[in-house]
Amino acid sequence: DQQVKQNSPSLSVQEGRISILNCDYTNSMFDYFLWYKKYPAEGPTFLISISSIKDKNEDGRFTVFLNKSAKHLSLHIVPSQPGDSAVYFCAASAGNYGQNFVFGPGTRLSVLP
Amino acid sequence: DGGITQSPKYLFRKEGQNVTLSCEQNLNHDAMYWYRQDPGQGLRLIYYSQIVNDFQKGDIAEGYSVSREKKESFPLTVTSAQKNPTAFYLCASSTPRLAPHNEQFFGPGTRLTVL
């Protein structure tokens, strides 16, 4: 049973428009969430995180929104650029770091020029 | 430059052979992790180590073994007992010293193919 779900395996967006990637979780003990970006044949790189005490965190073109009551978070990329084309993983952590990081299956984003 | 290195990038082995994947970090991180990625699935935790000479099983440890004799190194051995070893293997590290939650830094990965 997946504790972290990304129900859209892929998403295509026009360059300059907004990309919205969604993530849902089932474990109410999760209190820290991260987004990673991964290019083919490379390791994931950290993008942005959010703690459960916040409902929004922004870093440049990237904003993560957290809705604790719905157990849902989303990553907004505005404006989308072709270099953003990658697989995006949502990850969640509960309490202690490390052993409780659970990753979603990923969403492949394609930004079309 | 500080980072995590994994070698080799591509590895081919015959069925029934043990194989060891290398992971080295010079970030002075205490914790290290091994994940496996299969198509359509997220990263699944194989083993992790929070300090030298200590490691714990993750969600899918069966058929794998690790050692942590040095802080910088966390090699993973894929044994012949692993039923489906062909996958993309990712090593990561982190440190809890600066924050209660810290992102993990990942290596470039090793793609293992068992023939």
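What about the overall build of chain A?
Okay, so step 1: Within chain A, the secondary structure is distributed over zero helices and eleven strands.
Okay, so step 2: For 113 residues, the compact-globule formula gives about 13 Å, and the C-alpha radius of gyration of chain A, at 13 Å, lands near that figure.
Okay, so step 3: Relative to its full complement of 113 residues, chain A shows a buried share of 46%.
Okay, so step 4: The contacts in chain A between residues at least 6 apart in sequence include a share of 54% that link residues at least 24 apart.
Okay, so step 5: As displayed, chain A offers around 5300 Å² of accessible surface, 48% of which is attributable to carbon and sulfur atoms.

Points about the sheet that holds strand S3 (residues 19-25) of chain B
Residues and elements named next belong to chain B.
Okay, so step 1: Strand order in the open sheet formed by four strands is S1-S3-S8-S7, with antiparallel pairing between adjacent strands. Since the sheet does not close on itself, it has two edges, and those belong to strand S1 (4-7) and strand S7 (64-66), each with one partner. When strand polarity is set aside, the average angle formed by the axes of neighbouring strands in this sheet is 20°.
Okay, so step 2: As defined by bridge partners, S1 adjoins S3 across four bridges and the pair is classed as antiparallel. In the sheet register, Ser7 faces S3, and the bridge partner there is Ser22.

Looking at the sheet that holds strand S3 (residues 19-25) of chain A
Residues and elements named next belong to chain A.
Okay, so step 1: Strand order across the open sheet formed by five strands is S1-S3-S8-S7-S6, with antiparallel pairing between neighbours. Each edge of the open sheet is held by one strand with a lone partner, namely strand S1 (4-5) and strand S6 (56-59).
Okay, so step 2: With six bridges connecting them, S3 and strand S8 (residues 72-77) associate as antiparallel partners. Looking at the pairing, Asn22 lines up with Ser74 of S8.

Analysis parameters
- Residues numbered from 1 in each chain as written.
- Chains lettered and ligands numbered in written order.
- Predicted model: local features only at pLDDT ≥ 70, side-chain atom pairs only at ≥ 80, totals over all residues.
- Heavy atoms only, no water.
- Helix = DSSP H or I, 4+ residues; strand = E, 2+ residues; numbered from the N terminus.
- Rg over C-alpha atoms; globule rule 2.2 N^0.38 Å.
- Buried < 20%, exposed > 50% of the residue type's maximum accessible area, 1.4 Å probe, protein only.
- Contact = heavy atoms within 4.5 Å.
- Areas by Shrake-Rupley, 256 points an atom, 1.4 Å probe, with all protein chains shown as cover.
- Pairing = 2+ DSSP bridges.
- Axes fitted to C-alpha atoms, helices over the stretch in contact; angles between N-to-C directions.

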